[in-house]
Amino acid sequence: MNAHMTMYIAILVLGLVLLIWSADRFVDDASLISKHLGMSPLLIGMLIIGFGTSAPEMVVSAISSLEGNPGLAIGNAFGSNITNIALIIGFTAICSPIVVDSKILKKELPILSVLSFMVVFLLSDFSLDRQDALIILIAFASLMTWTLYQGLNTKEDTFAQNVQDDLSSLNKPLSSTVLSLILGIVVLLLSSRALVWGAVGIAKFFEVSDVIIGLTVVAMGTSLPELAASVAAAKKGEPDMVLGNVLGSNLFNTLAVVGIAGSIHPFNLDSAVVYRDASVMMALTLSLFLFGYGFKKHGKIGRTKGFVLLSCYILYTSYLLKSVLH
């Protein structure tokens, strides 16, 4: 293997490992500081944890766009969404069937579907300009405002209780937590820079677009925390949490990651991104209605449906890799 290629792969892997570690550090420390400052568990969960778990994708999006590689950001956003549904939900359902809450089918999934369609429609002219990005970011801000309003006006919130329980296990002095947070942010930025550098180097070595690397290697890497959390939830007998986490992550990817990329560096897209990748993302998103609907009781994504989703991921990724190698 070429020495340069070995270096690119090593830097990309190191960047991914440090990115995942620093994002996890950021979530814990920022949550603990917010608790010290008197923020409610609900706000900590929705803002700090929500943004923190999507920090890898958002920071990679910003850095890749700043460095003139916005295709990597789009590939990462769409690829992460495809990975979240096909690989994470599929693999988790094979480990332990996922019960689908009717609220998800009536509220969260329709919202994700409509907003995903809106983004794909804006990209249908094969360009992402600042006007498109502004529309997408306004939609994201509106969604966050509405979600916070809904959450704060709900008397009993199991999500807030879960966050409260998680926070009670974190106990560090404020001064050391602040220093740890600063370290986490620095490592997050440096590791994202390393990941982008390695990914672009690999793309140039194979003479493929950075979109392909974003769709495969980077998407898989930045989705590893969700995969680990989903498998852990399944082992604890809480596989129903997986679907909510995935839908939330996909909303951040579709709106925040794409919006950040376009606002920093407007660019033209290859038609394959819309016809191939966005179509696969939309098809998988809509398949959750079919797989999750229960005619007489709660819907359930069992092992057979999980195998179908996982097979879709393997076929899609194989097709992308085949296009690279030929």
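Some thoughts on unusual backbone geometry
Reasoning step 1: Despite not being glycine, Phe 126 shows a phi value in the positive range, around 60°.
Reasoning step 2: Tracing the backbone shows Phe 126 in the loop between helix 5 (102–123) and strand 2 (127–128).
Reasoning step 3: We classify Phe 126 as partly exposed; its relative accessible area is 25%.
Reasoning step 4: Of note in this structure, Glu 207 is not a glycine but carries a positive phi near 55°.
Reasoning step 5: Of note, Glu 207 is situated in the loop between helix 8 (174–206) and helix 9 (210–222).

Some remarks on the environment of Ile 185
Reasoning step 1: Among the secondary structure elements, Ile 185 is positioned in helix 8.
Reasoning step 2: Separated by 159 residues in sequence, Ile 185 and Phe 26 place their C-alpha atoms 6.7 Å apart.

Quick look at the packing of aromatic side chains
Reasoning step 1: Within this structure, the stated rule accounts for four aromatic pairs.
Reasoning step 2: On the numbers, 5.3 Å between centres and 70° between planes, the contact of Phe 140 with Phe 252 is edge-to-face. On the criterion of sequence distance, the pair formed by Phe 140 in helix 6 (residues 130–152) and Phe 252 in helix 11 (residues 240–264) is long-range, its members being 112 residues apart.

Describing the pattern of salt bridges
Reasoning step 1: Enumeration according to the criterion identifies three salt bridges in this entry.
Reasoning step 2: A salt bridge links Arg 193 to Glu 67, with the shortest nitrogen-to-oxygen separation between them at 2.6 Å. In this pair, Arg 193 is assigned in helix 8 and Glu 67 in the loop between helix 3 (55–66) and helix 4 (70–95), connecting sequence segments 126 residues apart.
Reasoning step 3: Note on Arg 193: relative accessible area 34%, which makes it partly exposed.

What about the confidence of the model for the chain?
Reasoning step 1: Across the chain, the average pLDDT comes to 85, with 89% of residues at 70 or higher.
Reasoning step 2: Across the chain, element-level confidence peaks in strand 2 with a mean pLDDT of 94 and bottoms out in helix 7 (residues 158–168) with 61.

So, the packing of helix 4 against helix 13 (residues 303–325)
Reasoning step 1: At a minimum axis separation of 7 Å, helix 4 and helix 13 run at an interaxial angle of 145°. Considering how the two elements wind past one another, helix 4 and helix 13 form a crossing that is left-handed. Contact residues: Ile 82, Thr 83, Ile 85, Ala 86, Leu 87, Ile 89, Gly 90, Ala 93, Ile 94 and Cys 95 in helix 4; Arg 303, Gly 306, Phe 307, Leu 309, Leu 310, Tyr 313 and Tyr 316 in helix 13.
Reasoning step 2: Of the residues contributing to the contact of helix 4 with helix 13, the split by class is 13 nonpolar, three polar and one charged.

Topic: helix 12 (residues 271–292)
Reasoning step 1: Between its terminal C-alpha atoms helix 12 stretches 31 Å, which fits the 32 Å expected from 22 residues at 1.5 Å a residue.
Reasoning step 2: Considering bend angle alone, the principal kink of helix 12 is centred on Ala 278 and spans about 30°.
Reasoning step 3: Among the residues of helix 12, Val 273, Val 274, Asp 277, Ala 278, Met 281, Met 282, Leu 284, Thr 285, Ser 287, Leu 288, Phe 291 and Gly 292 are the ones counted as buried.
Reasoning step 4: Between the side-chain oxygen of the N-cap and the backbone nitrogen of Ala 272 there are 2.8 Å, and the N-cap of helix 12 in question is Asp 270.

Analysis parameters
- Residues numbered from 1 in each chain as written.
- Predicted model: local features only at pLDDT ≥ 70, side-chain atom pairs only at ≥ 80, totals over all residues.
- Heavy atoms only, no water.
- Helix = DSSP H or I, 4+ residues; strand = E, 2+ residues; numbered from the N terminus.
- Buried < 20%, exposed > 50% of the residue type's maximum accessible area, 1.4 Å probe, protein only.
- Phe/Tyr/Trp six-rings, centres within 6.5 Å; stacked < 30°, edge-to-face > 60°.
- Salt bridge = Lys/Arg side-chain N within 4 Å of Asp/Glu carboxyl O.
- pLDDT = per-residue confidence, 0-100.
- Axes fitted to C-alpha atoms, helices over the stretch in contact; angles between N-to-C directions.
- Left-handed = near helix turned anticlockwise from the far one by under 90°.
- Contact = heavy atoms within 4.5 Å.
- Nonpolar A, V, L, I, M, F, W, Y, C, P; charged D, E, K, R; others polar.
- Expected span 1.5 Å × (residues − 1).
- Bend = angle between axes of the 7 residues up to and from the residue.
- Polar contact = N/O pair within 3.5 Å; in protein donor to acceptor, adjacent residues only side chain to side chain.

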